[in-house]
Amino acid sequence: MVDRKSERNVTVKHRDEKYADRYRTAIWQEESEHDNPFVETDAYCRGYRFEDLVANTSYAEMVFLMIKGELPSSSQKALFEKVLVAFSHPGIRNDAVRAAILAGVGKTVPENVLPIATLVFGGSRTGAGDVEKMMRFFAKNKRKLPADVLAVQEQPIVLGQYFGEADVMAAKICAWLMGDEQETPHLHWGKALVAEAQASDANIGWTKASVAAALFCDLGFMPKFGVGLLQMMAAPGLLAQGFEHANKPATVLPFVSDDDYELSAQVGNDE
Amino acid sequence: MMNKIEFLLAQRGKLLDRKGGWIAADGVFSHGQDLLREMLPNKSYFHVLVLNALGFVPEDRLCCWLEAIFICLSWPDPRIWCNGVGALAGSAQTTALSATAAGMLASDSVMYGPYTLRKGVAFIQASKKVIDDGMSIPDYINSQLKRSGGKVHLMGFARPIATGDERVEAMLEYTQSLGYEIGPHLQLGFDMETYLIKNHSESMNIGGFISAFLSDQGLGPEQVYRLFPSMVNSGVTACYIEQLEKPDDAYLPQTVDDVEYNGPEKRQLPTA
């Protein structure tokens with residue numbers, strides 16, 4: 001073996017990059033009129049006094065303000081409040097909900113139950129994992145004809161199957177939240193894309209995540225917030241399901257018997 | 001052939017065709033290995049780690065190598081981002097497990113950690129194909145650098161905060177002591193490094209070393225990623241514990257003025 005060690009001439013040196021002297025934010029401002037400079041006595045969000053926001057704004061408006069920087073218009077507020085409700089429970093058989101239930105019934109310490117479920121809800125197949133990519137897809141393709149898009153990509157990221165078929169509930173959520181063309185343009189375009197795709201394969205359609213992604217585009221959110229937004233929205237359902245039976249014995253859950261547990265034919269040692 | 005619905009109905013309430021499991025009267029198995037009767041008396045934890053992640057029992061020296069590389073990958077310094085998460089968890093007085101899990105999740109980053117290993121393996125293997133097809137190393141590197149405006153953003157080369165990586169030297173010496181030869185991917189890595197040192201003052205980082213060495217052992221990107229999800233855990237735990245035992249609020253305390261607000265001026269809520 002060549003002695004690479006003696007050939008290498010590598011020294012370790014700090015890059016001496018310039019780091020910020022303090023953190024900067026455009027979202028939250030704190031003020032102190034206290035003798036203790038660590039204690040804030042007032043706070044502002046995007047310029048609005050926190051106290052006034054607590055007194056006068058809804059949860060939907062507050063989330064919108066923090067993420068977008070401005071309060072929503074009345075139509076945006078109405079849509080966003082519906083979206084928050086529509087995606088507040090991923091469905092009782094969703095992987096993340098089942099993970100919440102397993103953690104709760106498994107007596108996981110309570111502070112871990114919601115993070116566990118939210119992580120699982122970060123999955124790309126049954127959770128929020130692809131929402132950013134989906135939002136970028138809508139933004140990139142919305143001006144094109146759906147047929148032209150499908151000619152290039154047979155199954156774009158915003159289309160999928162649910163247990164082998166088109167997801168009926170996803171399509172219903174889409175219908176429930178559909179506004180006029182100006183209010184929900186991405187949702188309208190997505191509907192046209194689904195219809196075009198279903199002309200050749202009736203078993204593909206919206207996914208719940210792609211409906212959310214289209215709506216996030218319609219609300220003007222940036223794609224980088226998409227995954228986290230949908231995870232945040234699902235938190236109430238994950239929380240409720242995770243703790244519903246958390247005080248019950250583990251026997252409230254089915255347990256696969258040894259008779260129904262099958263090891264595959266022994267896998268050889270590849271050493 | 002069963003359709004999708006028939007297949008799913010056949011799976012209800014059953015766990016079929018499993019690679020591993022515990023059969024109460026029989027034992028605990030993974031990929032055909034009896035964990036208690038075969039693995040426990042004869043093998044190390046790293047053998048089992050590889051077995052569970054990749055499905056085979058590796059040779060002993062690869063386990064020694066993996067144990068050594070884990071020492072290189074997790075340090076008790078909270079200035080590293082994942083460790084900082086651990087320290088903040090200590091400040092917040094979470095459990096050790098929450099802190100460590102949070103730090104490990106933070107390490108799934110495009111800048112460092114296991115994710116970069118997956119990219120690093122893909123990069124060195126793709127690079128080898130290009131070089132084997134006849135492109136010169138300078139031409140190849142320069143073509144790659146054009147994509148990043150001339151900056152050395154090659155997965156497995158350069159590193160944040162500092163230039164150079166002392167872990168490569170240490171692991172190279174240990175790798176040699178285990179009797180490993182430099183394989184074609186690691187050789188390519190060093191050849192690329194020689195060009196980068198001379199022309200850009202950048203060198204191979206530990207992720208690049210791991211990626212090239214494990215490529216030479218026949219592993220692919222996803223396999224390597226699956227070996228290292230917990231690679232930062234011990235340093236995160238150390239940072240958590242150290243902060244937990246310090247006085248309250250003492251982790252890089254910030255006065256109100258230590259955070260600069262640069263958003264909109266103060267304003268009144270619109271009237272309805």
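Residues numbered from 1 in each chain as written. Chains lettered and ligands numbered in written order. Predicted model: local features only at pLDDT ≥ 70, side-chain atom pairs only at ≥ 80, totals over all residues.

Brief notes about the overall build of chain A
Along chain A, the regular secondary structure elements total 12 helices and 8 strands. On C-alpha atoms alone, chain A measures out to a radius of gyration of 24 Å, which is more than a quarter above the 18 Å that the 2.2 N^0.38 rule sets for 271 residues. Principal-axis analysis of the C-alpha atoms gives chain A an extent of 70 × 70 × 55 Å. Relative to its 271 residues, chain A shows a buried fraction of 31%. Restricting to contacts in chain A with at least 6 residues of sequence separation, those with at least 24 account for 65%. (Helix = DSSP H or I, 4+ residues; strand = E, 2+ residues; numbered from the N terminus. Rg over C-alpha atoms; globule rule 2.2 N^0.38 Å. Buried ≥ 20, exposed ≤ 12 C-beta atoms within 10 Å, placed from the backbone. Contact = placed C-beta atoms within 7 Å.)

Topic: the overall build of chain B
In terms of regular secondary structure, chain B is built from 13 helices and 6 strands. Dimensions of chain B along its principal axes, counting C-alpha atoms only, are 70 × 55 × 45 Å. Taken across its 272 residues, chain B has 33% of its residues classed as buried. Sequence separation of at least 24 residues holds for 71% of the intrachain contacts in chain B that already meet a minimum separation of 6.

Some points on the confidence of the model for chain A
Residues of chain A with pLDDT of at least 70 account for 95%, and the chain-wide mean is 94. Throughout residues 267-271 of chain A the model reports pLDDT below 50, and contacts reaching past four residues in sequence, or to other chains, amount to 14 contacts. (pLDDT = per-residue confidence, 0-100.)

Observations concerning the environment of Tyr19 of chain A
With respect to the helices and strands, Tyr19 of chain A occurs in the loop between strand S1 (13-14) and strand S2 (23-25). Given 6 C-beta atoms within a 10 Å radius, Tyr19 of chain A is considered exposed.

Description of the domain arrangement of chain B
Domain boundaries in chain B define domain 1 (30-72), domain 2 (81-108 + 230-247) and domain 3 (114-227). When each unit is reduced to the centre of its C-alpha atoms, the spacing between domain 2 of chain B and domain 3 of chain B is 29 Å. (Domains from an automatic or database assignment.)

Let's talk about helix H5 (residues 95-105) of chain A
All names here are of chain A. Among the 11 residues in H5, 8 count as buried, and that is most of the element. By the burial criterion, the buried members of H5 are Ala96, Val97, Ala99, Ala100, Ile101, Ala103, Gly104 and Val105. Two residues or fewer after H5 comes Lys107, characterised by a positive phi angle close to 65°.

Some thoughts on the sheet that holds strand S5 (residues 48-49) of chain A
Strand order in the open sheet formed by 3 strands is S3-S4-S5 (chain A), and the pairing between neighbours is antiparallel. Looking at strand neighbours, the two that pair on one side only are strand S3 (28-31) and S5 of chain A, the edges of this open sheet. (Pairing = 2+ DSSP bridges.)

A look at the sheet that holds strand S3 (residues 27-30) of chain B
Residues and elements named next belong to chain B. Across the sheet, which stays open at both edges, the 3 strands sit in the order S2-S3-S4 with antiparallel pairing between neighbours. Each edge of the sheet is formed by a strand with only one pairing partner; in this case those strands are strand S2 (20-23) and strand S4 (33-34). Relative to S4, S3 is paired through 2 bridges, and the arrangement is antiparallel. From the neighbouring strand, Phe29 faces S4, where its bridge partner is Asp34.

So, helix H3 (residues 45-54) of chain B
Residues and elements named next belong to chain B. Within H3 the residues assigned to the buried category are His47, Val50 and Leu51. Summarising the axial view, the buried residues of H3 lie within an arc of 100°, below the 170-degree limit, and thus occupy one face. Buried residues along H3 sit in contact with S3, S4, helix H2 (35-42), helix H4 (60-72) and helix H12 (221-227). Note on H3: the residue one or two positions beyond its end, Gly55, has a positive phi of about 90°. (Arc of directions from axis to C-beta.)

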